[in-house]
Amino acid sequence: EWIKQNPFLVGVNWTSSLESGIRLINWVICWHLIGKSIDTELKKMWLDSIYQHCWFIYRNMSGYSSANNHLIGEVAGLFAASTALPQFDMSSVWREKAFSVLVKECLKQNFVDGVNKEQAVSYQQFVLDFFIIGAMVGKANKVEFPKEYWDRIEKMMEYLAAIEDADGNIPQIGDEDDGYVVDLGQREYGVYRSLLNTGAFIFKRDDFFKRGVKLDDKSRLILNIGGFSTEAKNFTKKDVPLKFSEGGYYILGKDFDGDREQKLIFDCGPLGYLSLAAHGHADSLSFFFSAGGCPIFIDPGTYAYHANKVWRNYFRGTSAHNTLSVDNTNQSEIAGNFMWSKKAESVLLEYTESVSIKGKHNGYLRLDDGVEHTREIRFDNDKNRWSIIDSLACNKDHEISVYFHLHPSLRCEVDNNVIHINFEKGICHLDFEKGFELKICKGEENPILGWYSASYDVKIPTETIVLKKNINGSTQI
């Protein structure tokens, strides 16, 4: 039906090379499952369309500032089809081109520490599927990918394992549009847990695998294509890193992976990838915090790309993150739905593993009276206390706003200068110095504050704590 309704190069479904690549991957998986059972006439029609898809992608690969996850998906689809179905005259040419670009982009678009350069966790899972599925199809057809390719995938898995909390929650850093390469039930299961379980069997990493957690259908199928066993034998446990210096993420806390875990993930990295930084958010010196696997201070998500410019700008702006804004402006200047003009640059100043972090950014130096924001976070294990110290270096008057976004399941109460936040396994007290104007916003639209988007095109009210203060010259908060 799809082939009949979408003649070659006619209509919306022939406008995107990325969509063509995703379609090819799903068709290759279908061929793997049912190819021997379909009739000759359908098989010929299907093969003709697969040829057309390969032809289209080969001539329309993304380039320049769009050569991000789109390019990866395009060549992954081209490689999968030309490798699994090598009967076309151009198959070897397509395969060699796709293979070389896929390896190159794997190393180019992901830092050595494993963080994807788009600075968006959802896109990390998106491109990981392309890399893994491509390599599995290659392995099934005796096309081996180089060691550095597999090493980079393993590092990408390490980053996901590091930022996952004890209950499997992963912060919604950067853009998220619910884009998946294949949909084989992993969304209900947990897309990140599915990926980590797949990685556990590829790399025999016990620290990627949660005992007692079943493998989902997607993991089983992908591992089957590559010929990997789904029995947990000879696994080794390695220490997952707590700092990702190139990607700019640092982890503080204690009792990781346990019932009394406290985990804080601090963002001191780049805005995004290439000149557009298309999927990054203005979230420098922001943090995600969970306790006992319960998210407390969260990243509110993305909500929209094109549908509503006001909401698009809010969710990727500074006020939608657990950081500080100056004079109600963003750290980086928005120039379009997927563009930034002036970009904040973050610098790490100090880091003591699990205990303290200090960083700064230059995003507000563009103001008439340039302001440099430095943030330090310290954890006192003995007192079970976190301290956040914000320093503003400037000469004139400015309005400072500090934001704390709560998970929608939480509620807070105010008692003098202390905010009590109740969560499933305990209570978190947020204590702030005198002189602040306190406001707790929920579902407000003018200005927009107090919203959470768990998935694309969905938003619900949540409580956001806002501390405002006017300062005159350099100040420490």
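Just so you know, these numbers come straight off a predicted model, no measurement behind them. (Residues numbered from 1 in each chain as written. Predicted model: local features only at pLDDT ≥ 70, side-chain atom pairs only at ≥ 80, totals over all residues. Heavy atoms only, no water.)

(A) A look at helix α7 (residues 147-163). With 17 residues, α7 should reach 24 Å at 1.5 Å per residue; the first-to-last C-alpha distance of 25 Å fits that figure. Counting buried residues along α7, 13 of its 17 residues qualify, which places the element largely inside the surrounding structure. (Helix = DSSP H or I, 4+ residues; strand = E, 2+ residues; numbered from the N terminus. Expected span 1.5 Å × (residues − 1). Buried < 20%, exposed > 50% of the residue type's maximum accessible area, 1.4 Å probe, protein only.)

(B) Expanded view of the packing of helix α3 (residues 40-59) against helix α4 (residues 69-84). Two numbers describe how α3 lies on α4: the axes approach to 10 Å, and their chain directions differ by 140°. Judged on the interaxial angle alone, α4 and α3 are oblique. The two elements α3 and α4 meet at a crossing, and its hand is left-handed. Contacts between α3 and α4 involve I50, C54, I57 and Y58 on the former and, on the latter, E74, L78 and A81. When grouped by side-chain class, the residues that make up the contact of α3 with α4 number six nonpolar, no polar and one charged. (Axes fitted to C-alpha atoms, helices over the stretch in contact; angles between N-to-C directions. Parallel < 35°, antiparallel > 145°, perpendicular 65-115°, else oblique. Left-handed = near helix turned anticlockwise from the far one by under 90°. Contact = heavy atoms within 4.5 Å. Nonpolar A, V, L, I, M, F, W, Y, C, P; charged D, E, K, R; others polar.)

(C) Layout of the pairing of strand β12 (residues 385-393). Alignment of strand β11 (residues 372-380) against β12, held across nine bridges, turns out to be antiparallel. Bridging from a neighbouring strand, T374 pairs with S391 of β12. Between β11 and the antiparallel strand that follows it, β12, lie four residues; N384 among them carries a positive phi value of about 55°. Direction of pairing for β12 relative to strand β23 (residues 475-476): antiparallel, over a ladder of two bridges. Following the sheet pairing, L392 is matched in β23 by T475. (Pairing = 2+ DSSP bridges.)

(D) Focus on the sheet that holds strand β1 (residues 243-244). The strand order β1-β2-β3-β4-β5 describes an open sheet built from five strands, whose pairing is antiparallel. Looking at the sheet topology across the chains shown, the edges are occupied by β1 and β5 (294-297). Against the sheet, α7 contacts β1, β2 (249-254) and β3 (262-267), and its axis sits at roughly 125° relative to β3.

(E) Representation of the sheet that holds strand β14 (residues 411-415) within the structure. Taken together, three strands build an open sheet; the order of strands is β14-β15-β16 and the sheet is antiparallel. For this open sheet the edge positions go to β14 and β16 (426-431), each flanked by a neighbour on one side alone. Each strand axis lies, on average, 25° off the axis of its neighbour in the sheet, ignoring direction. Note that strand β15 (residues 418-423) and β16 share six bridges and pair antiparallel. Within the sheet, the bridge partner assigned to I421 lies in β16 and is C428.

(F) Spotlight on the packing of aromatic side chains. Taken as a whole and assessed by the stated rule, the structure comprises 39 aromatic pairs. Ring plane angle 90° and centroid distance 6.1 Å describe the contact between Y123 and F126, whose orientation is recorded as edge-to-face. In this pair, Y123 and F126 are both assigned in helix α6 (residues 121-140), three residues apart and thus about one turn of the helix distant. Taking the relative accessible area as the measure of exposure, F126 reaches 7% and is therefore buried. Lying over the aromatic face of W340, R316 brings its terminal NZ or CZ to 4.8 Å of the ring centre. A cation over a ring is seen here: K459 above W311, with NZ or CZ 4.5 Å from the ring centre. (Phe/Tyr/Trp six-rings, centres within 6.5 Å; stacked < 30°, edge-to-face > 60°. Lys NZ or Arg CZ within 6 Å of the ring centre and 35° of its normal.)

(G) Representation of the nonpolar core within the structure. Formed by 127 residues in total, the largest nonpolar core has its most connected members in I50, I296 and I421. Among the elements that make up this core, the one with the highest residue count is α6 (twelve residues). When neighbours within four sequence positions are excluded, I421 is seen to be in contact with I296, F297, L406, L410, R411, C412, G426, I427, C428 and I465. Grouped together as the second largest cluster of nonpolar side chains are twelve residues, F315, A320, C441 and V466 included. (Core = buried A, V, L, I, M, F, W, Y, C linked by side-chain atoms within 4.5 Å.)

(H) View of the state of the cysteines. For the coordinates displayed, the defined rule picks out zero disulfides. Lacking any disulfide linkage, C394 is separated from the closest cysteine sulfur, that of C268, by 20 Å. Residue C394 is classed as buried on the basis of its relative accessible area of 8%. (Disulfide = S-S within 2.5 Å.)

(I) Just the environment of S319, in detail. By the element assignment, S319 lies in the loop between α11 (309-316) and β6 (324-326). On the basis of relative accessibility, which here comes to 19%, the residue S319 falls in the buried class. When neighbours within four sequence positions are excluded, S319 is seen to be in contact with Y314, N330, Y403, H405 and L449.

(J) Representation of the packing of helix α2 (residues 17-34) against α4. At a closest axis distance of 7 Å, the pairing of α2 and α4 adopts a crossing angle of 35°. For α2 against α4, the interelement crossing comes out left-handed. Counted together, S17, L18, G21, L24, I25 and V28 of α2 and N69, H70, G73, E74, A76, G77, L78, A80, A81 and A84 of α4 form the full contact between these two elements. Classifying every residue of the contact of α2 with α4 gives nine nonpolar, six polar and one charged.

(K) A look at the pattern of salt bridges. Scanning the model with the defined rule gives 19 salt bridges in all. One salt bridge connects D129 with K218, and the closest N-O pair in it is separated by 2.6 Å. Here K218 lies in helix α10 (residues 217-226) and D129 lies in helix α6, a separation of 89 residues in the sequence. Like K218, D129 is buried. Here R378 and E376 are joined by a salt bridge, their closest N and O atoms 2.9 Å apart. The class of E376 is buried, set by a relative accessible area of 14%. Connected through shared salt-bridge partners, E154, K155, E158, R205, D207 and K238 make up one network. (Salt bridge = Lys/Arg side-chain N within 4 Å of Asp/Glu carboxyl O.)

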